[in-house]
Amino acid sequence: MHYTHLISADQLKALQASGAPLLVFDCSSELGNPDKADAMFAEKHIAGAVQAHLERDLSAHDPANAVNGGRHPLPKRELFAQTLQALGFDNAMQAVVYDRNGANYCGRLWWMLKWAGHDAVAVLDGGLQAWQAAGGAVASGDEPARFQSHFRLQAPLRRLVNVAGPLQQGI
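Residues numbered from 1 in each chain as written. Predicted model: local features only at pLDDT ≥ 70, side-chain atom pairs only at ≥ 80, totals over all residues. Heavy atoms only, no water.

(A) The overall build of the chain, seen in detail. When helices and strands are tallied, the chain shows six helices and seven strands. Ordering the α and β elements of the chain from the N terminus gives β-α-β-α-β-β-α-β-α-β-α-β-α. In terms of C-alpha radius of gyration, the chain reaches 16 Å, essentially the compact-globule figure of 16 Å for 171 residues. C-alpha extents for the chain along the principal axes are approximately 50 × 35 × 30 Å. Taking contacts inside the chain between residues at least 6 apart in sequence as the whole, the part at least 24 apart equals 76%. Counting every atom, the chain has about 8700 Å² of accessible surface; 53% of that belongs to carbon and sulfur. When the 14 positive and 16 negative side-chain charges of the chain are each reduced to one mean point, those points stand 6 Å apart. (Helix = DSSP H or I, 4+ residues; strand = E, 2+ residues; numbered from the N terminus. Rg over C-alpha atoms; globule rule 2.2 N^0.38 Å. Contact = heavy atoms within 4.5 Å. Areas by Shrake-Rupley, 256 points an atom, 1.4 Å probe, with all protein chains shown as cover. Lys, Arg positive; Asp, Glu negative; His and termini not counted. Charge placed at Lys NZ, Arg CZ, Asp CG, Glu CD.)

(B) Highlighting helix 4 (residues 106-115). Of all ten residues making up helix 4, seven are buried, and the element is well covered by its neighbours. Where the residues of helix 4 are buried, they touch strand 2 (22-26), helix 3 (77-87), strand 5 (94-98) and strand 6 (121-124). Positioned one or two residues after helix 4, G117 has a phi angle of 90°, which is positive. (Buried < 20%, exposed > 50% of the residue type's maximum accessible area, 1.4 Å probe, protein only.)

(C) Here's a closer look at the nonpolar core. Ranked by internal contacts, the top residues of the largest apolar core, which has 27 residues, are F25, C27, F80, F89, V97, L109 and L113. Only strand 2, helix 3, strand 5, helix 4 and strand 6 provide two or more residues apiece to this core. With six residues, helix 4 is the largest single contributor of residues to this core. Ignoring any residue separated from it by four or fewer positions in sequence, one finds V97 in contact with F25, C27, C106, L109, W110, V121, A122, V123 and L124. (Core = buried A, V, L, I, M, F, W, Y, C linked by side-chain atoms within 4.5 Å.)

(D) Geometry of the pattern of salt bridges. For the structure on display, the rule yields five salt bridges. Across the salt bridge formed by D26 and R100, the nearest N and O atoms sit 2.8 Å from each other. Placement of D26 in strand 2 and of R100 in the loop between strand 5 and helix 4 is noted, with a sequence separation of 74 residues between them. In terms of burial, D26 and R100 fall into one category: buried. (Salt bridge = Lys/Arg side-chain N within 4 Å of Asp/Glu carboxyl O.)

This is the structure in structure tokens:
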């Protein structure tokens, strides 16, 4: 079974215990203080999780590598796939995304994975706080390095829509 929207702390614990291919992403961040994400991850995260940093991993800052504009433009899909590979994620894995900010940041990674054609991605209901309340294992500091994997882009399951799209369609 794979999860595509929400996953509870108890369901995540059961998934971990089953040995199913899984990668948990900590997307915690603070918009006005990007370095705080590293401090939060180092202080406490779900044991075995990798950090998906808003600035470094989920945004493109070179316009040539971005598909849109704004403060945190989306990286091109091919570059995002490279990031996933570097983090050790592959197409056979269940992704679980969380933060400690009320799903403000992990929702971005959820959408980006769907945009990359990966359906098996779920937001941890209640984030890190719910995980801890359920007695889930946490760790601090760095996690052991993971081997680079292979992630192949699939047809997008979500579309990127900007202002030009509806205007061109006369909406």
